[in-house]
Amino acid sequence: MNLEKAKTYIENNRVAQDERPAFHLTAPVGWINDPNGFSIFQNHYHMFYQYHPYSDQWGPMHWGHAISDDLMTWKELPVALAPDQEYDSFGCFSGTALETKEGHVLFYTGVKQDGDDVYQNQCVAIGDGTHYQKVEANPVLCGSDLPHGYSQADFRDPKLLYQDGHYQALIAGKNDKDQPAIILCASPDLRNWHYVRDIAYDINSNLGKVWECPDLFSLDGSDILMLSIQDMSQGPEFHNGNIAAYMIGHYDETFHSDGLFSLDDGLDFYAPETIETKDHRRIMIGWLQNWDSFPKPANQKWANMMSIPRELHVVDGHLTQQPVKELNAYHGDYRVYEHYSLLGTTTLPGVSGRYLDMRVTLHNAADLEIQFAKDDTHHISLAYRNQMLVLDRAYSGMVRDSLAHREVRVKYPQKELQLRIILDRNSLEVFVNRGEQVLSMTFYTPLEAEGISFTSTMQADLSVEKYTLKKSASD
Ligand code: FRU
């Protein structure tokens, strides 16, 4: 598996950009999962991703690569990493990136298999924003550098940080009691690393198998530790198997958590990464998929996408998320309906399509169902009843409709229910009230299905504001 082979394959099999979502980053062909190396280098946003170009299934992981100037539209760059060394021959797993004096540093997990044994070690590649070289010293940080009893098979997804002249990395691992842990290691020069301490671990051994893809930052006076929890199901908030979550609290050598919350209550969201922009916004992008269900049509040659970039804030002790303001530059046709009185089902002239940014406010205590991507036989549905939000894609055209439904309580109810809904061809992201709850899902309904309908069984008092999204800001 080498870079040249991947580039040639992609050239020969590329799916045109206009056959893919407009704003949700996808690969030209093949499978993607986690966002990797989300960073700013030489004033451009860079996004890498877990990538298997050769099929629509997970396989030996490469790092795909794209850049953007506004976080909304992405330009494809050549694949940055391929699993071409002995130490990463099973795959170049997830990691992060930093702009340094040496160039653009990618810090990733090289995975190697030896018989039944798996070794996950941390590796460095340095580049100029397009081409990357793996350093001689790889692997620079191995499971065997950890205290006795720590897992060498689960030691991955480093978050690289630079502070006070030193590099630090937060890495997903397992401690000597087999508990998921976030391990802090440090280095003066990216090549020599040592274990420092665990900043958090699963003290009651009840929060999944591994806390993948950690991220740590301060925001609005709180500290946030993000984790993607592998294999967990617990109560109504955490019930989709693999859960992107965050702890809020304060970080002082270790992380003191005041609570654990899910980041997205829909069907598809995992492994997010954040950056701080030059104007000090904290922006998160996640993988808009889950590990258990891939509803795409069999003949579609690109598989999976990233979420819309979301600006984060802490409000009243929890995180809020909103699509980045750069989205507004893509606003096209505008329609507004104020205090529409709805009983039964209606469509609203001008409110349809597969690319839109729509705000819906339910002013009174009524129920509501909105169906999107609708024709005679298909639709997806977002409903609100009995204080619950319900997502459903059972009639989206999936061949098998397991994992098609998610039902969650409105976490922080307000007098009115406000929904901001982003539709981009094959995805729906719903930002509830001030964005303290988000529900996302993908769907692959035929593109001709563009209808949107509104239904209430009670007299609903409804306002709808819709922008069509243009594919380019200059259209
Ligand atoms: C999370 C994850 C990571 C790993 C990568 C492999 O989705 O399992 O822990 O590095 O995907 O592709």
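Residues numbered from 1 in each chain as written. Predicted model: local features only at pLDDT ≥ 70, side-chain atom pairs only at ≥ 80, totals over all residues. Heavy atoms only, no water.

**Here we look at the overall build of the chain**
In terms of helices and strands, the chain carries 1 helix and 31 strands. The burial tally for the chain puts 61% of its 475 residues in the buried class. Within the chain, counting contacts between residues at least 6 apart in sequence, those at least 24 apart form 58% of the total. If you sum the accessible surface of the chain, you get close to 18,600 Å²; carbon and sulfur atoms cover 47% of it. With 39 positive and 66 negative side-chain charges, the chain shows a separation of 4 Å between the mean positions of the two kinds. (Helix = DSSP H or I, 4+ residues; strand = E, 2+ residues; numbered from the N terminus. Buried < 20%, exposed > 50% of the residue type's maximum accessible area, 1.4 Å probe, protein only. Contact = heavy atoms within 4.5 Å. Areas by Shrake-Rupley, 256 points an atom, 1.4 Å probe, with all protein chains shown as cover. Lys, Arg positive; Asp, Glu negative; His and termini not counted. Charge placed at Lys NZ, Arg CZ, Asp CG, Glu CD.)

**Observations regarding the site of the ligand**
Near the ligand you find N33, D34, Q50, W58, M61, F93, S94, R156, D157, E212, Y270 and W291, and these make up its full shell. At a separation of 3.0 Å, an oxygen atom of the ligand approaches a polar side-chain atom of N33. Within the side chain of D157, an N or O atom sits 2.6 Å from an oxygen atom of the ligand. When the free accessible area of the ligand is taken as 320 Å², the share hidden by the protein chains comes to 94%. If you map the ligand onto the pockets, it falls in the second largest pocket. Those elements giving two or more residues to the shell around the ligand turn out to be β1 (30-41), β5 (91-100) and β9 (155-163). For the shell around the ligand, the class distribution of residues is 5 nonpolar, 3 polar and 4 charged. (Near = heavy atom within 4 Å. Polar contact = N/O pair within 3.5 Å; in protein donor to acceptor, adjacent residues only side chain to side chain. 1 Å grid on protein atoms, 1.4 Å probe; cavity = no way out; pocket = protein on both sides within 12 Å on 5 of 7 lines; lining within 4 Å. Sits in = over half its atoms within 2 Å of the grid points. Nonpolar A, V, L, I, M, F, W, Y, C, P; charged D, E, K, R; others polar.)

**Brief notes about the pattern of salt bridges**
A full pass over the atoms with the stated rule returns 30 salt bridges. A salt bridge links D154 to K174, with the nearest nitrogen and oxygen atoms 3.8 Å apart. Highlighted residues: D154 in the loop between β8 (132-134) and β9 and K174 in strand β10 (residues 166-174), separated in sequence by 20 residues. Residues D154 and K174 agree in their burial class; the two are buried. Of the charged contacts, one joins E212 and R156 as a salt bridge, the two residues approaching to 2.7 Å between their closest N and O atoms. Of the two residues, E212 sits in strand β13 (residues 211-219) while R156 sits in strand β9, which places them 56 residues apart along the sequence. The same class applies to E212 as to R156, namely buried. (Salt bridge = Lys/Arg side-chain N within 4 Å of Asp/Glu carboxyl O.)

**With respect to the side chain of T346**
Along the polypeptide, T346 turns up in strand β22 (residues 331-346). Overall, the relative accessible area of 17% leaves T346 in the buried class. Within polar-contact distance, the side chain of T346 engages the side chain of Y340 at 3.3 Å. Setting aside residues no more than four positions away along its own chain, T346 makes contact with Y340, I452, S453 and F454.

**A word on a negative patch on the surface**
On the surface, D375, D376, E448 and E450 cluster together into a negatively charged patch. Take D376: it is sitting in the loop between β24 (368-374) and β25 (380-385). (Patch = residues over 30% accessible without salt bridge, like charges linked within 9 Å, V, L, I, M, F, W, Y side chains within 5 Å.)

**Things to note about the side chain of S293**
As for its placement among the helices and strands, S293 is situated in the loop between β18 (282-287) and β19 (302-303). Ignoring anything within four residues of it in the chain, the contact list for S293 reads R393, M398, S402 and L403.

**Structural notes on the sheet that holds β18**
What the 4 strands build is an open sheet, ordered β17-β18-β20-β21; its pairing is antiparallel. Every interior strand has two partners, whereas the edge strands, β17 (270-276) and β21 (318-323), have only one. Mean inter-strand twist for the sheet, computed between neighbouring axes without regard to direction, equals 40°. Strand direction decides the pairing type here: β18 and strand β20 (residues 310-315), joined by 2 bridges, are antiparallel. (Pairing = 2+ DSSP bridges. Axes fitted to C-alpha atoms, helices over the stretch in contact; angles between N-to-C directions.)

**Here we look at the nonpolar core**
With 36 residues, the main nonpolar core has V360, F372, I421, L428 and F454 as its most contacted residues. Top contributing element to this core by residue count: strand β31 (residues 451-469), with 5 residues. Contacts of F372, omitting those with residues within four sequence positions, involve M358, H379, I380, L382, I421, L423, L428, G451 and I452. One finds A27, I275, L327 and Y355 within the second-largest nonpolar core, a separate group that totals 35 residues. (Core = buried A, V, L, I, M, F, W, Y, C linked by side-chain atoms within 4.5 Å.)

**Notes on the sheet that holds β8**
The strand order across the open sheet formed by 4 strands is β5-β6-β7-β8, and the pairing between neighbours is antiparallel. The open sheet has two edge strands, β5 and β8, and neither has a second partner. Mean inter-strand twist for the sheet, computed between neighbouring axes without regard to direction, equals 30°. Note that β5 and strand β6 (residues 103-114) share 9 bridges and pair antiparallel.

**Brief notes about empty space enclosed by the protein**
Counted under the stated rule, the structure contains 3 cavities of 30 Å³ or more. Space inside the largest cavity adds up to approximately 70 Å³. As for the largest cavity, its lining consists of 13 residues, of which G95, T96, D157, C213 and E273 are closest to the centre. Only β1, β5, β9, β13 and β17 provide two or more residues apiece to the lining of the largest cavity. Of the residues contributing to the lining of the largest cavity, the split by class is 6 nonpolar, 4 polar and 3 charged. (Points joined across faces, edges and corners; volume = space filled by probe spheres on them.)

**Some remarks on the pairing of strand β7 (residues 117-127)**
The two faces of a sheet get side chains in turn, since along a regular strand they alternate between them. Taken across its 11 residues, β7 has 8 buried, putting it largely inside the fold. Sheet topology note: the β6/β7 ladder contains 11 bridges and is antiparallel. Each bridged residue has a counterpart across the sheet, and for H104 the counterpart in β7 is G127. Counting the residues between successive antiparallel strands, the hairpin from β6 to β7 contains 2 residues, one of them, G115, with a positive phi of roughly 60°.

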